[in-house]
Amino acid sequence: MIRLSDLDACFEGVIPSIIATSGADGAPNISYLSHVVRVDDDHIALSNQFFGKTAENLRRNPCATLLLVDGRSGAQIRVEAIFVRSEAAGPLFDLVAAQLAASSAQVGMESMMRLKAVDVFRVLSLGASPTLATAGPEVAGNVELPRLAQAVETLGAAPDVGPACEAALDAATGLIGADAAMVLMRDHPREALVAVLSRGYDQGGAGADVPFGEGVIGLAASMNHVIRVGDLGRVRRLNAAIEASSGQEDRSRRIQLPGLAGALSQMAVPLRAGDSLVGVLFVEARRRLAFGPQEEAAAVILARMLATSMGIAEGRPAAPAAEAGQTKVRPNGGRPIRVRCYGYDDSVFIDDAYIIKGVAGRILAFLIGRYLAENRDEFTNREIRLAPVLRLPGYRDNLETRLILLRRRLEEKAAPIRLTPAGRGRVRLVIDGRPELIEDQPGLGQS
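What counts as what
Residues numbered from 1 in each chain as written. Predicted model: local features only at pLDDT ≥ 70, side-chain atom pairs only at ≥ 80, totals over all residues. Heavy atoms only, no water. Helix = DSSP H or I, 4+ residues; strand = E, 2+ residues; numbered from the N terminus. Buried < 20%, exposed > 50% of the residue type's maximum accessible area, 1.4 Å probe, protein only. Contact = heavy atoms within 4.5 Å. Areas by Shrake-Rupley, 256 points an atom, 1.4 Å probe, with all protein chains shown as cover. Pairing = 2+ DSSP bridges. Axes fitted to C-alpha atoms, helices over the stretch in contact; angles between N-to-C directions. Phe/Tyr/Trp six-rings, centres within 6.5 Å; stacked < 30°, edge-to-face > 60°. Parallel < 35°, antiparallel > 145°, perpendicular 65-115°, else oblique. Left-handed = near helix turned anticlockwise from the far one by under 90°. Nonpolar A, V, L, I, M, F, W, Y, C, P; charged D, E, K, R; others polar. 1 Å grid on protein atoms, 1.4 Å probe; cavity = no way out; pocket = protein on both sides within 12 Å on 5 of 7 lines; lining within 4 Å. Points joined across faces, edges and corners; volume = space filled by probe spheres on them. Polar contact = N/O pair within 3.5 Å; in protein donor to acceptor, adjacent residues only side chain to side chain. Core = buried A, V, L, I, M, F, W, Y, C linked by side-chain atoms within 4.5 Å. Salt bridge = Lys/Arg side-chain N within 4 Å of Asp/Glu carboxyl O. pLDDT = per-residue confidence, 0-100.

### Details of the overall build of the chain
Next up, step 1: Helix and strand content of the chain: 10 helices and 20 strands.
Next up, step 2: Counting across all 447 residues of the chain, residues that qualify as buried make up 51%.
Next up, step 3: Excluding contacts between residues fewer than 6 apart, the proportion of contacts in the chain whose partners are at least 24 apart in sequence is 69%.
Next up, step 4: Of the roughly 19500 Å² that the chain leaves accessible, carbon and sulfur atoms contribute 51%.

As structure tokens, then:
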């Protein structure tokens, strides 16, 4: 006996479903469906954005026949159903709207494929239609609870944001089955995300921007909802969408978002601390339909734990260090290192190579200025956070995460200036030469 719970691969939208209705005169009408969602063991929901004739027929005759196709095997399932209701708001509507937005935005049809409503049907019968394909066992859904528990334990025990993000990336690739993953933080006050740490990509991409609403990642942030795409063969790649929307930006100040070559599955999960969005956990795989409901559930657990760990780490006081701030350095030896800062976007170039911009750029210029003015190389997060010249957001400034982003970006560029941890709540500036700070709007070097 076939059950709706056995048909997850039919609800991934890889192969469009078909709905057949009949009018008052008995004339049939057949339409393709962009999205079909399982509501529970007895109900399904259909996306309604073009239903003209279908909606008219259902008002006269609520019975419908659907053909669902297994995205893995090609097996076809015949569904007899009866229309129950339409929903134009609520959790079910938001779920379908998020799925529709992800697929339509990547093929450039977001303005056309607006969801009008979600039509809920009660399923009367299910049956396999004659086909050469046969329904096979589910491939996804192999998340092991003991391994998930261990991943959550490791994440919760992380001493600060860096190890917590690394633990989440370990779980994403080892537990969920992603070939690549990245953590992005919300960049207050802009409506954008910034890549912080990644795993499995040929290039790092720390500091790459993703505007809210752009691609799978941006939509997960703007809609505050998990976005899953099971087959990228039928949608435009995320990087292409961002490239098109950012064509007017100065490319000398752009960092390319990393992408997984040959990726067919993507999932973006909001990082939420309470009701606040703090970032996105993004995973990719080269397999079609790599992320099913179990993988999504595990990713949501990891994302919630990571967001909580990030919030706790931001509030921890710095570890005591008797010599902190007392060790003097001599910043006058070695080759000259030209550090140029531009105030209009807070971008920083080291020896003419673009490093970073925005809040992270202000922080780097500030640290170099203090290094030169006070002959010291160690700083506490607290003094950075309280420095008025940095203009850090007053609420959830994500300083710990910004410092990780800055450290990773300097490493990726093999810069002669590096940022290293110096204990909990402390960072150290390591400079291989003699920095010369050039500011078009002097002041960041001041406390």
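### Brief notes about the sheet that holds strand S8 (residues 180-186)
Next up, step 1: Strand order across the open sheet formed by 6 strands is S10-S9-S8-S13-S12-S11, with antiparallel pairing between neighbours. The open sheet has two edge strands, strand S10 (209-211) and strand S11 (227-229), and neither has a second partner. Put simply, the sheet's adjacent strands are angled 25° from each other on average, direction ignored.
Next up, step 2: Bridge count between strand S12 (residues 265-273) and strand S13 (residues 276-285): 9 bridges; the pairing is antiparallel. The residue bridging Ser265 from the neighbouring strand is Ala285, located in S13.
Next up, step 3: Along the sheet, helix H10 (residues 399-412) contacts S8 and strand S9 (192-199); its crossing angle with S9, the most-contacted strand, is approximately 60°.

### Considering the packing of aromatic side chains
The relation between two aromatic rings is expressed through the spacing of the ring centres and the mutual angle of the planes.
Next up, step 1: Within the structure shown, the criterion is met by 3 aromatic pairs.
Next up, step 2: When the centroid spacing of 5.5 Å and the interplanar angle of 70° are considered together, the rings of Phe83 and Phe121 count as edge-to-face. Placement of Phe83 in strand S6 (residues 76-87) and of Phe121 in strand S7 (residues 117-128) is noted, with a sequence separation of 38 residues between them.
Next up, step 3: The class for Phe121 is buried, based on a relative accessible area of 0%.

### Description of the pairing of strand S19 (residues 426-431)
Next up, step 1: By the bridge criterion, 3 bridges tie strand S17 (residues 378-380) to S19 in an arrangement that is antiparallel. Its bridge partner being in S19, Glu378 is matched across the sheet by Arg428.
Next up, step 2: Taken together, the 5 bridges between strand S18 (residues 417-421) and S19 define a ladder with antiparallel strand orientation. Among the inter-strand pairings, Thr420 is bridged to a residue of S19, identified as Arg428.
Next up, step 3: Taking the residues between adjacent antiparallel strands as the criterion, S18 and S19 are bridged by 4 residues, where Gly423 takes a positive phi near 105°.

### Looking at the packing of helix H3 (residues 145-156) against helix H4 (residues 161-174)
Next up, step 1: The contact between H3 and H4 brings their axes to 9 Å, and the two run at 165°. The angle between H3 and H4 falls in the class roughly antiparallel. The crossing of H3 and H4 is right-handed. In contact with Arg147, Ala151, Thr154 and Leu155 of H3, H4 contributes Ala164, Ala167, Ala168, Ala171 and Gly174.
Next up, step 2: Here the residues of the contact of H3 with H4 sort into 6 nonpolar, 2 polar and 1 charged.

### Thoughts on empty space enclosed by the protein
Next up, step 1: With the rule as written, the count across this model stands at 2 cavities of 30 Å³ or more.
Next up, step 2: Its volume calculated, the largest cavity comes out at about 60 Å³.
Next up, step 3: Taken together, Cys10, Phe11, Glu12, Gly13, Ile15, Pro16, Ser17, Leu33, Ser34, His35, Val36 and Gln99 make up the lining of the largest cavity.
Next up, step 4: A class-by-class count of the residues in the lining of the largest cavity yields 6 nonpolar, 5 polar and 1 charged.

### Brief notes about the side chain of Gln266
Next up, step 1: By the element assignment, Gln266 lies in strand S12.
Next up, step 2: A distance of 2.9 Å separates a polar atom in the side chain of Gln266 from a polar atom in the side chain of Glu284.

### A look at the nonpolar core
Next up, step 1: Core analysis: the biggest nonpolar cluster contains 104 residues, and Leu184, Ile350 and Ile363 have the highest contact counts within it.
Next up, step 2: The dominant element in this core, judged by the number of residues it contributes, is helix H8 (residues 358-374), at 9 residues.
Next up, step 3: Contact partners of Leu184, with chain neighbours within four places excluded, come to Leu193, Val194, Ala195, Val196, Val210, Ile217, Leu257, Leu271, Val278, Gly279, Val280 and Phe282.
Next up, step 4: By size, the runner-up hydrophobic cluster in this structure holds 18 residues, among which are Phe11, Leu58, Leu68 and Phe121.

### A few points about the pattern of salt bridges
Next up, step 1: What the rule picks out here adds up to 24 salt bridges.
Next up, step 2: Glu87 serves as the salt-bridge partner of Arg85, at 2.8 Å between the closest nitrogen and oxygen.
Next up, step 3: Classification of Glu87 as buried rests on a relative accessible area of 18%.
Next up, step 4: For the salt bridge of Glu412 with Arg409, the shortest nitrogen-to-oxygen distance reads 4.0 Å. You can see Glu412 and its partner Arg409 sitting in helix H10, 3 residues apart, about one turn around the helix.

### Considerations on the confidence of the model for the chain
The predicted coordinates ought not to be read in detail in places where the model reports low pLDDT.
Next up, step 1: Summarising the model, the chain shows a mean pLDDT of 83, and 82% of its residues fall at 70 or more.
Next up, step 2: Per-residue pLDDT, averaged within each element of the chain, yields its smallest value for helix H6 (residues 238-245) (44) and its largest for S8 (95).
Next up, step 3: Scored below 50 in pLDDT, residues 135-139 makes 8 contacts in the model with residues more than four places away or belonging to other chains.
Next up, step 4: With pLDDT under 50 throughout, residues 236-245 is counted as low confidence; its partners more than four residues away or in other chains account for 34 contacts.

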